[in-house]
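Close look at the chain arrangement
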Amino acid sequence: MQVSIACTEQNLRSRSSEDRLCGPRPGPGGGNGGPARAAVVPRPPASAGVLRESTGRGTGMKYRNLGKSGLRVSCLGLGTWVTFGSQISDETAEDVLTVAYEHGVNLFDTTEVYAAGKAERTLGNILKSKGWRRSSYVITTKIFGGGQAETERGLSRKHIIEGLRGSLERLQLGYVDIIFANRSDPNSPMEEIVRAMTYVINQGLALYWGTSRWGAAEIMEAYSMARQFNLIPPVCEQAEHHLFQREKVEMQLPELYHKIGVGSVTWSPLACGLITSKYDGRVPDTCRVNIKGYQWHKDKVQSEDGKKQQAKVMDLLPIAHQLGCTVAQLAIAWCLRSEGVSSVLLGVSSAEQLIEHLGALQVLSQLTPQTVMEIEGLLGHKPHLKK
């Protein structure tokens, strides 16, 4: 049964504001014609653009809504790109996941293509061995390029459904909390994509869906398509965001958050390790840029722009020292302060590195307007809305 929004709004307008907040006025003798009820105290509205936070008891982790959905996610999540099933051993991966969970992290992100599916298998094996309550954590995976065959790539209805079932088999789970469309697909009609995402949710294979590396216009098209055909719209966009990649998350996505409730889950807060001061004009042998298949990142680090960015990272060191933190913690806290960001995904190769990065939560409260202005002055590239 469909409820007319217009009719509901008319009913609300017909009642006084006092009635809406306090309920019917009591009749003679204090009654209102029915059984006595506890007084209803209205919940104050959240400030526009502010993600309501709560802090976990015993962990200090902060939780935010995923966009304007009701799903609560830790503001720091754990990603598995490069690390799980590839850079680190399964034992180290288990240590990292355990430390994350014990420190209040409840969001774990992977995709069908990471390490050719090994990342999902590793994550699934660890979750099975730990026996944690399924209701206590959030698993996300991304669908797009799962295989070599033409039908094993893209966002066709066939691949969304079959790709997700493959992910669930590797994860050894009955459902994922969020399925992401990992980049847009010009070969698949938007209506087909939205209908397929709605289908997997209605089948209980996923609870929400989102986009990853989509443009603002594409996200709006998906939302409009969902509203037009009574389908389920996306709840968040997953985007790259760090000190040197800012325009999309800081300028474009906040507008979508306000208009249609799409939040942001961001990745690479340290620009694949660039914002750590560990390079300092050279590339350490243990760095991920030396991993097979990541020559593109090594070239980026050693380019002229990369060297300029490294110099700016070194300029941030005095500010980090003044705040009593590392440059990495400062950079992660910077990402957490952005409007509409629900969670920032961390990529780490050890439990010790994860604990350091979790320390960004203590830095967030120290980012005063004066400190932010000082950082902006050093970076020299604050994004602005295009007229």
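Structure shown above.
Computed from a predicted structure; not experimentally measured.

Conventions adopted
Residues numbered from 1 in each chain as written. Predicted model: local features only at pLDDT ≥ 70, side-chain atom pairs only at ≥ 80, totals over all residues. Heavy atoms only, no water. Patch = residues over 30% accessible without salt bridge, like charges linked within 9 Å, V, L, I, M, F, W, Y side chains within 5 Å. Areas by Shrake-Rupley, 256 points an atom, 1.4 Å probe, with all protein chains shown as cover. Salt bridge = Lys/Arg side-chain N within 4 Å of Asp/Glu carboxyl O. Lys, Arg positive; Asp, Glu negative; His and termini not counted. Charge placed at Lys NZ, Arg CZ, Asp CG, Glu CD. Helix = DSSP H or I, 4+ residues; strand = E, 2+ residues; numbered from the N terminus. Buried < 20%, exposed > 50% of the residue type's maximum accessible area, 1.4 Å probe, protein only. Expected span 1.5 Å × (residues − 1). Arc of directions from axis to C-beta. Contact = heavy atoms within 4.5 Å. Core = buried A, V, L, I, M, F, W, Y, C linked by side-chain atoms within 4.5 Å.

**Topic: a negative patch on the surface**
- A grouping of Asp90, Glu91, Asp95 and Glu352 is seen on the molecular surface, where their side chains present a negatively charged patch.
- Of all the elements, helix α4 (residues 90–102) adds the most residues to the negative patch, at three residues.
- Along the chain, glutamate 91 falls in helix α4.
- Under the relative-accessibility criterion, glutamate 91 is labelled exposed at 56%.

**A few points about helix α8 (residues 216–228)**
- Here α8 spans 18 Å end to end across 13 residues, near enough to the 18 Å set by a 1.5 Å rise per residue.
- Buried within α8 we find Ile219, Ala222, Tyr223, Met225 and Ala226. Down the axis, α8 shows its buried residues gathered within 160 degrees of arc, on one side only. Opposite the packed face of α8, turned more than 90 degrees from it, sit the exposed residues Ala217, Arg227 and Gln228.
- Close packing links the buried residues of α8 with α7 (190–202), β8 (206–212), β9 (236–240) and α9 (247–260).

**Some points on the nonpolar core**
- One finds Leu76, Leu78, Ile139, Ile179, Val200, Ile275 and Leu330 to be the most contacted residues of the largest nonpolar core, which totals 93 residues.
- Looking at this core element by element, the count peaks at nine residues for helix α12 (residues 327–336).
- Those residues in contact with leucine 76 that sit more than four places away from it in its chain are Met61, Val105, Ile332, Leu336, Ser343, Val344, Leu346, His357, Leu358 and Leu361.

**What about the pattern of salt bridges?**
- Counting across every chain of the model gives 12 salt bridges.
- Salt-bridge contacts for lysine 142 lead to aspartate 109; the nearest nitrogen and oxygen are separated by 2.7 Å. Here lysine 142, found in strand β6 (residues 138–143), pairs with aspartate 109, found in strand β5 (residues 107–109); they are 33 residues apart in sequence, far enough to count as distant. Both residues of the pair, lysine 142 and aspartate 109, count as buried.
- One salt-bridge network, in which partners are shared between bridges, spans Arg246, Glu250 and Glu376.

What is shown is where atoms sit, not what they do.
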